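This is what each chain is made of:
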Amino acid sequence: MTIRPLKQPVIRPEPVATPQCSMIVYTVGHDAAWRAKWYGERRPGTDPKRCQHDSHVTIDGKPYCRRHAGGLALDRWLKGELVERAAP
Ligand SMILES: [Zn+2]
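Residues numbered from 1 in each chain as written. Predicted model: local features only at pLDDT ≥ 70, side-chain atom pairs only at ≥ 80, totals over all residues.

Peer 1: What should I look at first to understand the overall build of the protein chain in this one?
Peer 2: Tallying secondary structure elements over the protein chain gives two helices and two strands in all. In sequence order, the secondary structure elements of the protein chain are arranged as α-β-β-α. In terms of C-alpha radius of gyration, the protein chain reaches 20 Å, well past the compact-globule figure of 12 Å for 88 residues. By principal-axis analysis of the C-alpha atoms, the protein chain measures approximately 65 × 45 × 25 Å. Among the 88 residues that make up the protein chain, the fraction classed as buried is 9%. Restricting to contacts in the protein chain with at least 6 residues of sequence separation, those with at least 24 account for 52%. (Helix = DSSP H or I, 4+ residues; strand = E, 2+ residues; numbered from the N terminus. Rg over C-alpha atoms; globule rule 2.2 N^0.38 Å. Buried ≥ 20, exposed ≤ 12 C-beta atoms within 10 Å, placed from the backbone. Contact = placed C-beta atoms within 7 Å.)

Peer 1: Quick question: what am I supposed to make of unusual backbone geometry here?
Peer 2: Note: most residues except glycine have negative phi, and most peptide bonds are trans. In the Ramachandran plot, aspartate 60 falls in the positive-phi region, its phi being about 50° despite a non-glycine side chain. Tracing the chain through its elements places aspartate 60 in the loop between strand E1 (57–59) and strand E2 (62–64). Given 7 C-beta atoms within a 10 Å radius, aspartate 60 is considered exposed.

Peer 1: I would appreciate a short explanation of the confidence of the model for the protein chain in the present structure.
Peer 2: Predicted coordinates in regions of low pLDDT should not be interpreted in detail. In this model, the protein chain carries an average pLDDT of 93, and 100% of its residues clear a pLDDT of 70 or more. Within the protein chain, E2 carries the highest mean pLDDT (97), whereas helix H1 (residues 32–42) carries the lowest (93). (pLDDT = per-residue confidence, 0-100.)

Peer 1: What is the right way to look at the environment of leucine 82 in this model?
Peer 2: Along the chain, leucine 82 falls in the segment after helix H2 (66–78). You can call leucine 82 exposed: it has 12 C-beta atoms within 10 Å. With residues near it in sequence (within four places) discarded, leucine 82 still touches Ala73, Arg76 and Trp77.

Peer 1: Would you take a moment to explain H2 for this structure?
Peer 2: Because each turn of an α-helix spans 3.6 residues, side chains separated by three or four positions end up pointing in the same direction. When the terminal C-alpha atoms of H2 are compared, their 18 Å separation across 13 residues agrees well with the 18 Å that a helix rising 1.5 Å per residue should span. Two residues or fewer past H2, glycine 80 is found with a positive phi of approximately 80°. (Expected span 1.5 Å × (residues − 1).)

Next comes the structure, spelled out in C-alpha cells:
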C-alpha cells in the first residue's frame, strides 16, 4: 500500500507578541470611565485610553496597529509629507 499526501501541510506562523497600539481612541456613546471599566475587566494590563489592538508597525518609534498606521500614513501622504520613490 502507498499513501501520499496530495496537499502540502499548512504551516502557520508562530504568533508574535507586540505592544499595544499607541492611538488614543474614543468609544461613541461612552466616556473614558466606561472604557476603563470595560477594558479593565476584559483586557487587564492594557491602557484603556488606547486602541486595544496589537501593533504591526512603528511610526516615529511608536507602535500602531495596521488600521491606525494606515490612517496616519494616509494623513501624511495627503499633507505631502511622504514621497513616492521607485522600487529598488
Ligand atoms: Zn490601533
